[in-house]
Amino acid sequence: MKIATKLIHAGAEPDPSTGAIMTPIYQTSTYVQSAPGKHKGFEYARSQNPTRKALEEAFAIIENGKFGLAFSSGVAATDAVIKLLQPGDEVICGNDMYGGTYRLFTKIFEKFGIKFHYVDMHDAGNIKQYINSNTKLIWLETPTNPLMNIIDIAAVTAFARPQKILVCVDNTFASPYLQNPLDLGADLVMHSVTKYLGGHSDVIQGCLVMNDAELREKLYFIQKSCGAVPGPMDCFLVLRGIKTLHVRMKQHCENGKIIAHWLRNHPKLGKVYWPGFEDHPGYAMAKKQMRDFGGMLSFTLKDDSVENAMRVLSSTRIFSLAESLGGVESLINHPASMTHASIPREDRIKNGLTDSLIRLSVGIEDAEDLIADLQQAIG
Ligand SMILES: Cc1ncc(COP(=O)(O)O)c(C=O)c1O
């Protein structure tokens, strides 16, 4: 099946009891058994829920995987992956990634004896020097949040697989419409479903997708034992969101391209980070492993003034100043004080995330209106 058909029909079976075309919201905490242990496959809603089951099947289908698992947030999905590890195990991850992932690694898991190496992954070969017998996981985010770096997924999985090191890709920025890491050899795909998959800024959710049955069992055990599961209403909203992912993503990409080029020609702006520019260091790799370049981009002001950045951030009328991304409406964000505030300033600056960096999640409004809004805000 091609992508549009897949997105619309993934996980959608008519409800067995009524024929309802949309999966009902099974708002229940438990299921009646006819005798102890005699049930219809559903015992207790932390372990199983029919709305969640339909969504988990959809996640698997749209990421070209065999199994999907839904979590109460993207961070909860990441948390489940790290809980596969033991004290003493080591993880290699990017030095440019979502601040909440960094916070989870440094503030929660380091104290349980897991060691994280934060590595420049521009050149995938760089990772090799950090591998030793304790390395159990490589965590990739590509494109990265917020600097839009591109990491070569196939190159990383090619050297990780023979050494039995798991590779998990945070595919939030690309969405399954633009990139399918399992096809490039990754073991796991993670999404902040909150973003493009939900698509309407009304749900917090995460997911994992994988091919290996044993890995699925381990992660399902963590999901039900730790209990970070999404409610059925949220699962319903995401099932609905997925059906229009392709239509939304086409428009995000189109608007993203128009705005990236407009920003680049603006005399008051410094760098514009968007992987669709031919001189972006990850352009060739993005062309290879992604289907388009997406609607996320970042930029700095020519004078690199925090004061001017604050003025721009507070002056937009269509772009809303808010955390998050991937919804139909355009958002503007200040990573240094918002999404990435948990990364120490020194580390941020060293990795290129300056105080004046502004991130845009370009929505699917009319591009002319978005440009007019940025024009009046930047001046
Ligand atoms: C790239 C990326 N990964 C993970 C997360 C965490 O997801 P959630 O906010 O759904 O917990 C985010 C949230 O902004 C993100 O941008």
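Only a predicted model underlies this, so the values are computations on that prediction, with no experimental measurement involved.

1. Here's the deal with the overall build of the protein
Each helix and strand in the protein was counted, giving 13 helices and 12 strands. Taking 379 residues into account, the globule formula puts the C-alpha radius of gyration at 21 Å, and the protein, at 21 Å, falls close to it. When each of the 379 residues of the protein is scored for burial, the buried share is 56%. Residue pairs in contact within the protein that sit at least 24 positions apart in sequence constitute 72% of those at least 6 positions apart. In the structure as shown, the protein presents an accessible area of about 16200 Å², 54% of it carried by carbon and sulfur atoms. Across the protein, 39 positive and 40 negative side-chain charges occur, with their mean positions spaced 4 Å apart.

2. A word on the sheet that holds strand β8 (residues 269-273)
Pairing within the open sheet is mixed, and its five strands lie in the order β8-β9-β12-β11-β10. The sheet is open, and its two borders are formed by β8 and β10 (320-321), each paired with just one other strand. Where β10 and strand β11 (residues 331-333) come together, two bridges link them in parallel fashion. Bridge assignment links Leu321 to a residue of β11, and that residue is Ile332. This element, helix α9 (residues 245-264), spans β8, β9 (296-301) and β12 (358-361) of the sheet and lies at about 10° to β9.

3. Section: the packing of aromatic side chains
Considering all chains together, one arrives at nine aromatic pairs under this definition. Geometrically, the ring pair formed by Phe109 and Phe112 is tilted, given 6.5 Å between the ring centres and 55° between the ring planes. Where Trp274 meets Phe277, the ring centres are 5.2 Å apart and the plane angle is 80°; that geometry is what we call edge-to-face. Exposure class is identical for Trp274 and Phe277. Each is buried.

4. What about the site of the ligand?
Around the ligand, the surrounding shell holds 14 residues, and the nearest of these are Val75, Asp170, Ser192, Thr194 and Lys195. Here an oxygen atom of the ligand and a backbone polar atom of Gly74 are 2.9 Å apart. Between a nitrogen atom of the ligand and a side-chain N or O atom of Asp170, the distance comes to 2.6 Å. Taken by itself the ligand offers 390 Å² of open surface, and the protein chains cover 92% of this. Mapped onto the shell around the ligand, the elements with two or more residues apiece are α3 (74-82) and β6 (188-192). Taken together, the residues that form the shell around the ligand break down as four nonpolar, seven polar and three charged.

5. Some remarks on the pairing of strand β5 (residues 166-170)
Walk down a regular strand and you will see the side chains alternate between the two sheet faces. Taken across its five residues, β5 has four buried, putting it largely inside the fold. Looking at chain direction, strand β4 (residues 135-141) and β5 are connected through five bridges and run parallel. Among the inter-strand pairings, Ile138 is bridged to a residue of β5, identified as Val167.

6. Some thoughts on the nonpolar core
Counting residues in hydrophobic clusters, the biggest one holds 67 residues, and the most contacted among them are Phe59, Ile242, Ile259, Leu263 and Leu360. A total of seven residues in this core trace back to one element, the largest contributor, which is α9. Sequence-distant contacts of Leu263, defined by excluding residues within four places in its chain, comprise Leu269, Val272, Leu297, Phe299, Leu360, Leu374 and Ile378. Ranked by size, the runner-up nonpolar core spans 29 residues in total, among them Ala77, Met97, Tyr102 and Cys168.

7. Quick word on the sheet that holds β5
In a beta sheet, neighbouring strands pair by backbone hydrogen bonds and run either parallel or antiparallel. One open sheet accounts for seven strands, arranged β1-β7-β6-β5-β4-β2-β3; its pairing is mixed. On the outer flanks of this sheet lie β1 (67-71) and β3 (115-119), each paired with one strand and no other. Each strand of the sheet is rotated relative to its neighbour by a mean of 20°, with strand direction disregarded. Taken strand by strand, helix α5 (residues 153-160) contacts β4 and β5, and its axis lies near 175° from that of β4. Its contacts with the sheet put helix α7 (residues 213-226) on β1, β5, β6 and β7 (206-210), and the angle it makes with β1 is roughly 15°.

8. Things to note about the state of the cysteines
According to the stated counting rule, one finds zero disulfides in the structure shown. Here Cys235 is not disulfide-linked; the sulfur of Cys207 is the nearest cysteine sulfur, at 11 Å. For Cys235, a relative accessible area of 0% translates into the label buried.

9. Quick notes on the pairing of β1
Most of β1 is tucked away: four of the five residues are buried. Pairing of β1 with β7 involves five bridges; the strand directions are antiparallel. Paired with Ala70 across the bridge in β7 is Cys207.

Conventions and cut-offs
- Residues numbered from 1 in each chain as written.
- Predicted model: local features only at pLDDT ≥ 70, side-chain atom pairs only at ≥ 80, totals over all residues.
- Heavy atoms only, no water.
- Helix = DSSP H or I, 4+ residues; strand = E, 2+ residues; numbered from the N terminus.
- Rg over C-alpha atoms; globule rule 2.2 N^0.38 Å.
- Buried < 20%, exposed > 50% of the residue type's maximum accessible area, 1.4 Å probe, protein only.
- Contact = heavy atoms within 4.5 Å.
- Areas by Shrake-Rupley, 256 points an atom, 1.4 Å probe, with all protein chains shown as cover.
- Lys, Arg positive; Asp, Glu negative; His and termini not counted.
- Charge placed at Lys NZ, Arg CZ, Asp CG, Glu CD.
- Pairing = 2+ DSSP bridges.
- Axes fitted to C-alpha atoms, helices over the stretch in contact; angles between N-to-C directions.
- Phe/Tyr/Trp six-rings, centres within 6.5 Å; stacked < 30°, edge-to-face > 60°.
- Near = heavy atom within 4 Å.
- Polar contact = N/O pair within 3.5 Å; in protein donor to acceptor, adjacent residues only side chain to side chain.
- Nonpolar A, V, L, I, M, F, W, Y, C, P; charged D, E, K, R; others polar.
- Core = buried A, V, L, I, M, F, W, Y, C linked by side-chain atoms within 4.5 Å.
- Disulfide = S-S within 2.5 Å.

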